[in-house]
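# Results of the structural survey
Spelled out, the chains give:
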Amino acid sequence: MLPAMPLPLEPLDSLEVQILVDNVADALLPAKDGIVTRRPWGPSVENPLLDAPAVASAVVGEHGFACLVTARRGKRLHRLLFDAGLSPGTLVHNLERLELDPREIEAVALSHGHFDHTGGLAGLVERLRGRELPVLVHPDAFRQRRSNPPSGRVLPLPPPSRAALEGAGFRLVIDREAHVLFDGLLALSGEVPRVTEFEQGYPYFEYRDGEEWLPEPHLMDDQAVVARVRGLGAVVITGCGHAGAVNIARRALELTGEERLAGLIGGLHLQPLGFFAIPETVAALAALQPRLVAAGHCTGFEAQRLLAAAMPEAFVVNAVGTTYRFTAPTP
């Protein structure tokens, strides 16, 4: 693991994070202060049972996460797909509804190996028309995993297949360390140090080692996308936040060398069935004074309620079709 020192990240002129897959799709959520825009509707489509020639189509939600990250500095512009959602069809459906061309994606990064973040790659393959894309992934993401709680209801958590990804034309880039992308415009956090006492992972996760299932409360492949925006600070995007939202946010500040947290976007894994202490997590995040907290996917209602109460100006409900724009102040 890299020491706690800044990466050679360049400050961006702008950063856009467009949500392609999330648990929520809500056409009535408001925009916010020019930073947050919502686009739940797509192009009109015919419906023979409606008394209209065509009706607006909509994005859809599912239990999973994916977003398109667009980094700009001067004339340089790069696009990264971070995660891919659960089912083969949802990611590509929402790309079509949002009128986004998947061929403009330059690379894919996976937050971790759980299938609700990787399953949508199957549908993306059909839209790439044979074009090779690099897929950035931690080596542990390929472990066979399951959730095995005391209730006895075992939930398999199948990983992506290395052979199938390579056979589909993806080029795997496997690394556990933090590293920069696009010549310093974005970064992946790599493994996140677990330093807080209140973010304890999930004790019922297990991974397969030969014929044996072993405990894996801490998913070390959990990683985030990190960026710097000139004049604003660090922005961090999580998939599930298995490493702990506070651990991730602090790591992002270390890796960027920034003192301010401009944005925290994505799943924070604060469901009551987890083993993260929600009030302590909320208090520690509020102490960082983020400009924006867009919590979605596996955050959970109770955590969202407490986050909204603690940071009413910063908190935003995440949803499919939302775009977060961080623009450097004019000199």
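In what follows, the accompanying structure is described. Within each chain, residue numbers correspond to sequence positions counted from 1 in written order. The predicted nature of this model means local features are confined to residues of pLDDT at least 70 and side-chain atom pairs, given and counted, to a pLDDT of 80 or more, with totals for whole chains, interfaces and linings taken over all residues. Only heavy atoms go into the side-chain values, all of them from the structure, while hydrogens and water stay out.

### Let's talk about the environment of Ala-109
Worth spelling out the cut-off: Elements are defined by DSSP. Helices are runs of H or I of four residues or more, strands are runs of E of two residues or more, and each kind is numbered from the N terminus. Per-residue accessibility, obtained with a 1.4 Å probe over protein chains only, is compared with the maximum for each type, and a residue is labelled buried under 20%, exposed over 50%, and partly exposed between these values. Should any heavy atoms of two residues lie within 4.5 Å, those residues are counted as being in contact.
In this structure, Ala-109 sits in strand β7 (residues 107-109). The class for Ala-109 is buried, based on a relative accessible area of 0%. Sequence separation between Ala-109 and Leu-81 is 28 residues; the distance between their C-alpha atoms is 6.3 Å. Setting aside residues up to four positions removed in sequence, Ala-109 forms contacts with Leu-80, Leu-81, Phe-82, Asp-83, Leu-136 and Leu-188.

### A short note on the packing of aromatic side chains
Where we set the bar: Planes of paired rings set the category: under 30 degrees apart is stacked, over 60 is edge-to-face and the rest tilted, where pairs are Phe, Tyr or Trp rings (Trp by its six-membered ring) whose centres lie within 6.5 Å.
Per the stated rule, a full pass over the model turns up three aromatic pairs. Where Phe-65 meets Phe-82, the ring centres are 6.5 Å apart and the plane angle is 75°; that geometry is what we call edge-to-face. One end of the pair, Phe-65, is in the loop between β4 (55-58) and β5 (66-73); the other, Phe-82, is in strand β6 (residues 76-82), with 17 residues separating them in the sequence. A relative accessible area of 0% means that Phe-65 is categorised as buried. The buried category is assigned to Phe-82, whose relative accessible area is 0%. With a centroid separation of 5.4 Å and an interplanar angle of 80°, the aromatic rings of Tyr-202 and Tyr-204 are classed as edge-to-face. Given the relative accessible area of 12%, Tyr-202 is considered buried.

### Details of the sheet that holds β7
Applied cut-off: Note: two strands are recorded as paired if DSSP finds a minimum of 2 bridges between them. An axis is simply a line fitted to the C-alpha atoms; with a helix, the fit covers only the stretch in contact. Between two such axes, the angle follows the N-to-C directions and lies from 0 to 180 degrees.
What the eight strands build is an open sheet, ordered β2-β21-β1-β5-β6-β7-β8-β11; its pairing is mixed. If you trace the sheet from one side to the other, it starts and ends with β2 (36-38) and β11 (170-174), each paired once. Each adjacent strand pair in this sheet contributes to an overall mean axis angle of 25°, direction not counted. Two elements, β7 and strand β8 (residues 133-137), share two bridges in a ladder whose sense is parallel.

### Description of the sheet that holds strand β13 (residues 186-188)
If you walk across this open sheet you meet the seven strands as β12-β13-β16-β17-β18-β19-β20, and the pairing is mixed. The open sheet terminates on both sides in strands that have one partner only, identified here as β12 (179-181) and β20 (315-317). Each adjacent strand pair in this sheet contributes to an overall mean axis angle of 20°, direction not counted. Here β12 runs beside β13; their pairing, made up of three bridges, is antiparallel.

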